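Examination of the molecular architecture
The primary structure of each chain is shown beneath.
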Amino acid sequence: MSILIQQATILTMQDNESPFMGDIRIEGDRMVQIASHIDPQPGDDVLDGHGKLAMPGLVNAHQHSPMSLLRGFSDDLKLMDWLDRKMLPAEARMTPEDIYWGAKLCIAEMIRSGTTAFADMYIHMNEIAEAVTETGIRASLTRGMVFMEEDGGRRLQEAVDLVQRWSGQANGRITTMYGPHSPYTCPTEPLREVIAMAVRDDIPLHIHLAETIEEVQKIHSRYGLTPTEYLVEAGMFDHAHVLLAHAVHLNANDVSKLKDMRGGVAHNPVSNLKLGCGIAPIEGMRTEGITVGLGTDGAGSATTLDMFEEIKAACWLQKLDYGDPTRLPAREVLSMATRGSARLLSLHDEVGVLAPGYKADLILIDLANPHLQPIHNVESLLAYSVNGADVHTTIVDGQILMRDRKLLTLDEDELYREVNARAKRIVEGI
């Protein structure tokens, strides 16, 4: 299949390349030509780009997709109350079928708001992989592992099974990671075992780090270390590619210990704000050369999965934290949401920019809206004015997943019936 996008404003996110008017040709799953004009060929599916902006699809670097079923169920609580009183009891009621439908709801929201790839950590990952396969999105999937209670090695085996069964499936749209949940749920010996597996199998690691001050206190009381120091001593950063989610409570010494890491940090500003967790020192990380991407966290905490909201929040937080409006300018935060996140998922050679040879993961944004006019600076509009509802078309792996705001790989009526019935059963009485 070939697609030709004609006369769109193109933001490639390549270094030092300004937006320009032009065409994009897609053949199969890749972009093959980007130019000021490309002649249509017989059989092309021609998309009119007039009044629209083409850019790389957004990459959500940290998610818990089935938590879409718990959106709005436990707001205005402290994180540990949110987790212990609401989230864990509700999640204990989820069946594998619930996980499947929750993941599809999440994917529908992401496609609608311009996300083309995401990193997920949860349970019942086979069902999430099926949802990814059917809907056409790209995903890095992780079976989260907690080692504070004996389970006979079940979680570890499920993580291995996920890697063996799903790595490279769905035309390569599915990749996998190993996911020790967090420092406070992973004692040293099982953590070192997972790290050794990741190095042996050349599989990245995905772990929460220092999301709350309570975690910092807990790790210090157990080990006399910060959570970052605990991971350093366990050998996490010696050889593995690591995706660190949150990294809110890092001191300067912690940041310096991460400066040469492979991988980087997934910043989740909306969730961190909503749960009152704090402001991650991402400007300090970036100064040290640490790759920073953006994620939403699950809808059970963040409520929204709109990455454009994360882009805004990330900018505002750093400007406010430093009292400096020049911090984290528009171009840089857009790079975090595309190239930065792609690097965290080990996809930076395939997605995150618009260029011939790269996977055809891109979105078209409708600029014909009052809040996007007049157009002085496209990058400023994207960072500070665009929202997910402005996304007109979403393409992943050369397949159009949404066209003119209509989802093409999901039945929305069926989806809403299923998720409402399932969510009602899950939370009843909690």
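Everything numeric here is computed off the predicted structure, so don't read it as measured data. (Residues numbered from 1 in each chain as written. Predicted model: local features only at pLDDT ≥ 70, side-chain atom pairs only at ≥ 80, totals over all residues. Heavy atoms only, no water.)

Description of the packing of aromatic side chains
- Under the counting rule described, the total for this entry stands at two aromatic pairs.
- Centroid distance Tyr 100 to Trp 101: 5.2 Å. Interplanar angle 85°. Geometry classified as edge-to-face.
- In this structure Tyr 100 comes out as buried when scored by relative accessible area, which is 15%.
- The ring centre of Tyr 322 lies 3.9 Å from the NZ or CZ of Arg 327, which sits over that ring. (Phe/Tyr/Trp six-rings, centres within 6.5 Å; stacked < 30°, edge-to-face > 60°. Buried < 20%, exposed > 50% of the residue type's maximum accessible area, 1.4 Å probe, protein only. Lys NZ or Arg CZ within 6 Å of the ring centre and 35° of its normal.)

Regarding the pairing of strand β5 (residues 52-56)
- Taken across its five residues, β5 has five buried, putting it largely inside the fold.
- Sheet topology note: the strand β1 (residues 2-10)/β5 ladder contains two bridges and is parallel. Counterpart to Thr 9 in the pairing with β5 is Leu 53.
- Looking at chain direction, β5 and strand β14 (residues 362-366) are connected through five bridges and run antiparallel. Note that in β14 the partner of Ala 54 across the bridge is Leu 364. (Helix = DSSP H or I, 4+ residues; strand = E, 2+ residues; numbered from the N terminus. Pairing = 2+ DSSP bridges.)

Some thoughts on the nonpolar core
- Tyr 178, Leu 244, Phe 308, Ile 365 and Leu 382 are the most contacted members of the largest nonpolar core, which has 117 residues in total.
- By size, the runner-up hydrophobic cluster in this structure holds 15 residues, among which are Ile 3, Ala 8, Ile 10 and Leu 354. (Core = buried A, V, L, I, M, F, W, Y, C linked by side-chain atoms within 4.5 Å.)

Here's the deal with unusual backbone geometry
- Cis geometry is found at the peptide bond from Gln 373 to Pro 374, where omega equals -5°.
- The residue Pro 374 is located in the loop between β14 and α15 (378-384) in this model.
- One non-glycine residue, Asp 297, lies in the positive phi region at around 65°.
- Note on placement: Asp 297 falls in the loop between β13 (291-294) and α12 (299-302).
- In this structure, Arg 405 takes a positive phi of about 70° despite not being glycine.
- Residue position: Arg 405 is located in the loop between β16 (399-403) and β17 (406-407).
- Looking at Arg 405, the relative accessible area reads 26%, which means it is partly exposed.

So, the side chain of Thr 185
- Its place among the elements puts Thr 185 in the loop between β9 (174-180) and α5 (188-201).
- A distance of 3.2 Å separates the side chain of Thr 185 from the side chain of His 181, its partner in a polar contact.
- Among the polar contacts made by the side chain of Thr 185, one reaches the side chain of Ser 182 at a distance of 2.9 Å.
- With sequence-adjacent residues up to four places away left out, Thr 185 is seen in contact with Met 145, Val 146, Phe 147 and Met 148. (Polar contact = N/O pair within 3.5 Å; in protein donor to acceptor, adjacent residues only side chain to side chain. Contact = heavy atoms within 4.5 Å.)

A word on the pattern of salt bridges
- The tally for this structure, following the rule as stated, stands at 29 salt bridges.
- Between Arg 286 and Glu 283 there is a salt bridge, with its nearest N and O atoms 2.5 Å apart. Here Arg 286 and its partner Glu 283 are both found in helix α11 (residues 282-287), three residues apart, which amounts to about one turn of the helix.
- The partly exposed category is assigned to Arg 286, whose relative accessible area is 25%.
- Accessibility expressed as a relative area gives 8% for Glu 283, which makes it buried.
- Linked through salt bridges whose partners overlap, the residues forming this network are Asp 29, Arg 30, Arg 138, Glu 350, Lys 359, Asp 361 and Asp 397. (Salt bridge = Lys/Arg side-chain N within 4 Å of Asp/Glu carboxyl O.)

Quick word on the state of the cysteines
- If you walk through the whole model with that rule in mind, you get zero disulfides.
- In this structure Cys 186 is not part of a disulfide, and its nearest cysteine sulfur, from Cys 277, lies 18 Å away.
- Overall, Cys 186 belongs to the buried group, its relative accessible area being 1%. (Disulfide = S-S within 2.5 Å.)

Section: helix α6 (residues 213-223)
- Of all the residues in α6, the buried ones are Glu 215, Val 216 and Ile 219. The arc that holds the buried residues of α6, viewed along the axis, is 100°, so those residues lie on one side. Among the exposed residues of α6, those pointing more than 90 degrees away from its buried face are Gln 217 and Ser 221.
- Lining the buried residues of α6 we find β10 (205-209) and α7 (227-233).
- Phi for Gly 224, located one or two positions after α6, is positive at around 70°. (Arc of directions from axis to C-beta.)

Regarding the pairing of β1
- Counting buried positions along β1 gives seven out of nine residues, so the element sits mostly inside the fold.
- Bridging between β1 and strand β2 (residues 20-27) involves seven bridges; their strand directions are antiparallel. When the sheet's bridge partners are listed, Thr 9 is paired in β2 with Met 21.
- Bridge count for β1 against strand β4 (residues 45-48) is four bridges, and the pairing is parallel. Its bridge partner being in β4, Ile 3 is matched across the sheet by Asp 45.

Side note on the packing of helix α3 (residues 125-135) against helix α4 (residues 154-166)
- Relative orientation of the contacting elements α3 and α4 amounts to 25°, with a least axis distance of 10 Å. By the criterion of interaxial angle, the relationship of α3 to α4 is roughly parallel. The hand of the α3/α4 crossing is right-handed. Every residue of α4 that contacts α3 at Met 125, Asn 126, Ala 129, Glu 130 and Thr 133 is listed here: Leu 162, Arg 165 and Trp 166.
- Split into classes, the residues belonging to the contact of α3 with α4 amount to four nonpolar, two polar and two charged. (Axes fitted to C-alpha atoms, helices over the stretch in contact; angles between N-to-C directions. Parallel < 35°, antiparallel > 145°, perpendicular 65-115°, else oblique. Left-handed = near helix turned anticlockwise from the far one by under 90°. Nonpolar A, V, L, I, M, F, W, Y, C, P; charged D, E, K, R; others polar.)

As for the environment of Asp 23
- Turning to its location among the elements, Asp 23 is positioned in strand β2.
- Spatially, the C-alpha atom of Asp 23 lies 21 Å from that of Leu 334, the residues being 311 residues apart in sequence.
- Of the polar contacts made by the side chain of Asp 23, one reaches the backbone nitrogen of Ile 38; its length is 2.9 Å.

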